[in-house]
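Each chain, written out:
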Amino acid sequence: MIHRVGISSRKVLCGVVALILLCAPVPAVCARSKTVVVTTGSVRAVVDGQPATMLIPPVTDQMSQQTLVPIEFVARQFGFSVLSVPQSGAVTLSSTDHVICVTPGSLEALVDGHAVGLSVTPRGLLGEVLVAAADVQLLL
């Protein structure tokens, strides 16, 4: 049995398929990516093409030659809330899915209660915590 589909039927079928694809749930990770551009020594940043200002500029760690960035600024750009712990200088980053605790001077951070090794020891500077840029993806 052969069925012929007319042009108007094809348009309706394409419209239904497009509607299904548009309404399909998209995982949060794929739904939106964010670009944060920072420059060593500058408090100016660019977040998704828009200018932003940090309190502390990224610096270069002399031992490892890695760039250390203010983790609080970066975390806020990705929707994390930030809580400082004055006694230890640590910072706790929270989202609906994760809780991360980074302490200056410790080569380990807690991610959802599990210790994660960092490539460079985080540094505290003027109330901010600086973390190696290479470790940011690991943490967030």
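Let me sum up the structure you'll find in this document. (Residues numbered from 1 in each chain as written. Predicted model: local features only at pLDDT ≥ 70, side-chain atom pairs only at ≥ 80, totals over all residues. Heavy atoms only, no water.)

**Overview of the environment of Q50**
Put simply, the test is: Helical segments are the DSSP runs of H or I of at least four residues, strand segments are the runs of E of at least two, and each set is numbered from the N terminus. Type-normalised accessible area, obtained with a 1.4 Å probe on protein chains alone, sets the label of each residue: buried when under 20%, exposed when over 50%, and partly exposed for intermediate values.
Following the sequence through the fold, Q50 ends up in strand 3 (residues 50-53). Its relative accessible area of 52% is what places Q50 among the exposed residues. Between the alpha carbons of Q50 and V37 there is a distance of 10.0 Å; along the sequence they are 13 residues apart.

**Describing the pattern of salt bridges**
In plain terms, the rule: Only one rule defines a salt bridge in this text: a Lys or Arg side-chain nitrogen within 4 Å of an Asp or Glu carboxyl oxygen.
Applying the stated criterion to the full structure yields one salt bridge. Across the salt bridge formed by R123 and D61, the nearest N and O atoms sit 3.1 Å from each other. On the criterion of sequence distance, the pair formed by R123 in strand 11 (residues 123-125) and D61 in the loop between strand 4 (59-60) and strand 5 (67-70) is long-range, its members being 62 residues apart. What makes R123 partly exposed here is its relative accessible area of 33%. Overall, D61 belongs to the buried group, its relative accessible area being 10%.

**Quick look at the sheet that holds strand 3**
Heads up, the condition is: Here, strands pair whenever DSSP counts at least two bridges between them. The convention used is that axes are lines fitted to C-alpha atoms, helices contributing only their stretch in contact, and that angles between N-to-C directions extend from 0 to 180 degrees.
Sheet architecture is open: three strands sit in the order 1-2-3, paired in antiparallel fashion. Here the strands that pair on one side only, and so sit at the sheet edges, are strand 1 (36-38) and strand 3. On average, each strand axis in the sheet is tilted by 30 degrees relative to the strand beside it, whichever way the strands run. In the sheet, strand 1 pairs with strand 2 (residues 44-47) via three bridges, with the strands oriented antiparallel. Looking at strand 2, one finds that V38 is bridged to A45.

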